[in-house]
Amino acid sequence: MYFDLFYPLVEEKEPQRAVVLMGPRRVGKTVMMYHTIGKLLSKKVTDRNKVCFINIENPLYFNMGLEELFHLARTANGIDDPRGYYVFFDEIQYLTNWEIHLKVLVDSYPDTKFIASGSAAAALRLKSSESGAGRFTDFLLPPLTFHEYIHLKNLNHLLIQSSINWRGKQSQWFSTTNIQELNNHFIDYINYGGYPEVIFSEKIQSNIGRYIKSDIIDKVLLRDLPSLYGIQNVQELNTFFTTLVYYCGNEVSLESLSTTSGVNKLTLKKYLEYLEAAFLIKSVTKIDDNAKKFQRQTNYKVYLTNPSLRSALFSPLTATDDEFPHMVETAIFAQWMHRIYFTPRYARWKDGEVDLVGLDEKKLKPIWAVEIKWTNKPFDNPYNELKSLFYFCNKNKLKSAIVTTIDKEGFNFVNNIELMFVPSAIYTYIVGYNSIENKKAGLM
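Calculation rules
- Residues numbered from 1 in each chain as written.
- Predicted model: local features only at pLDDT ≥ 70, side-chain atom pairs only at ≥ 80, totals over all residues.
- Heavy atoms only, no water.
- Buried < 20%, exposed > 50% of the residue type's maximum accessible area, 1.4 Å probe, protein only.
- Helix = DSSP H or I, 4+ residues; strand = E, 2+ residues; numbered from the N terminus.
- Pairing = 2+ DSSP bridges.
- Patch = residues over 30% accessible without salt bridge, like charges linked within 9 Å, V, L, I, M, F, W, Y side chains within 5 Å.
- Areas by Shrake-Rupley, 256 points an atom, 1.4 Å probe, with all protein chains shown as cover.
- Salt bridge = Lys/Arg side-chain N within 4 Å of Asp/Glu carboxyl O.
- Lys, Arg positive; Asp, Glu negative; His and termini not counted.
- Charge placed at Lys NZ, Arg CZ, Asp CG, Glu CD.
- Contact = heavy atoms within 4.5 Å.
- Core = buried A, V, L, I, M, F, W, Y, C linked by side-chain atoms within 4.5 Å.

Extensive coverage of strand 14 (residues 365–371) is indicated by the burial of 5 of its 7 residues. Judged from the 5 bridges that link them, strand 13 (residues 352–360) and strand 14 form a sheet pairing that is antiparallel. Opposite Gly358, over in strand 14, you have Trp368 as the bridge partner. Once strand 13 ends, the chain turns through 4 residues before running back antiparallel as strand 14, passing Leu364 with a positive phi of about 55 degrees. In this structure, strand 14 lies alongside strand 15 (residues 400–405), joined through 2 bridges in parallel fashion. Following the sheet pairing, Val370 is matched in strand 15 by Ile402.

Once that is clear, we can look at a positive patch on the surface. A cluster of basic residues, Lys292, Lys365, Lys397 and Lys399, forms a positive patch at the surface. Residue position: Lys292 is located in the loop between strand 10 (286–287) and strand 11 (299–304).

With respect to the helices, strands and loops of the structure, Thr405 is situated in strand 15. Residue Thr405 is classed as buried on the basis of its relative accessible area of 0%. When near neighbours in sequence (up to four residues on either side) are disregarded, Thr405 contacts Lys373, Trp374, Thr375, Asn376, Phe379, Phe421, Val422, Pro423 and Ser424.

Trans is the prevailing form of peptide bonds, just as negative phi is the prevailing case for residues other than glycine. With an omega dihedral of -5 degrees, the bond running from Glu14 to Pro15 counts as a cis peptide bond. Turning to its location among the elements, Pro15 is positioned in the loop between helix 1 (3–11) and strand 1 (18–22). Positive phi is not limited to glycine here, since Glu91 has a value of about 55 degrees. For Glu91, the position within the fold is in the loop between strand 3 (86–90) and helix 4 (98–108).

Within the largest apolar cluster, 82 residues are counted, with the highest numbers of intra-cluster contacts made by Ile212, Phe241 and Leu275. It is helix 10 (residues 208–229) that contributes the most residues to this core, 8 residues altogether. Among all residues touching Leu275, those that are not within four sequence positions of it are Leu221, Leu225, Leu237, Phe240, Phe241, Leu244, Leu280 and Ile281. Among the nonpolar cores identified, the runner-up in size contains 26 residues, and Ile79, Phe114, Ala116 and Phe279 belong to it.

Written as structure tokens, this is what we have:
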């Protein structure tokens, strides 16, 4: 689904920019570049020899600049005229000062299109924004949404598209033909669903720890981050990440993490930045019961960018495991991570908490609230199960809220709040669906 969003950037001639495709390991960046090349060869380019693919990770190319590699490609093709070329650089982060090299190419060859990919997403974004201002277009390819998972597995028959009147306007919505079957796939998505190779291979799923841990986690922790940031103690970083995975979805502080992991707080802060740079985690800040941000954020929640990372380090979960509700929450947050410029927060105060709050960034007022549950108790007994949600909504003048369940759905009006109950699997699907639709509409 992301290909239709990515390909037009490659075709785009104005403005004159390189395209930087970012995302975590094994998410499909190289395959997307191959698909792009295939479409260029079949529809766009008149000279097939003017399409080049170069893997910067190849040891043969170490210590070579991008311009030298482009020159070698033209020499091999026997077409020295650089105009009209499409040049793909894979794993560009392995070239020191890659952003300077790429900027020079964009400036030097205005009639050539350069496309680069890299795995350390935020690190690439940071460098591209600093050194490539006006020269690069960043494109983030995250792990699969539940919407994409359903699409790739040909399970669209389980969902029925409709619309509802919610918060005074018509909104896109979905229901299911079989909630038990959908929940079974939702459980599989949580355990195995973030990476295209994994969802199609029962062999990989039977030993997911070996695949994801060795091909994704270990390569990031033991190679990518140390090479990018000069980390000396990779075992310490590995231990810290394992600690974060264990506490995923729980509120943590640098103080508590330092005590648990034995690493000083300053180092931990850097490690958090590095792990976000590699798109392994996302930290979420909190607000209080008045929806005010804390001036000093000492506590926050850390979520995996995809819940299957937990299965890789520990073991796949069942729907009745104690940790499963945290992974449901993680799966829902993972869908929101596809919104580049919008991140929900959570609210917590002395006597209560609300799992998801959307803030109007200009007015700093809450515009919606969601309570994430992997139980049907709130549906059956909302008065006792949703006291914090009622308190928060009434205090912040919210007239409605969403509550997720295992398999119950419907509306109820309680304590002056209109509640919409929706199965967690369906809500996860809807957020993923809307994330991609917003990108299509240019709303990030």
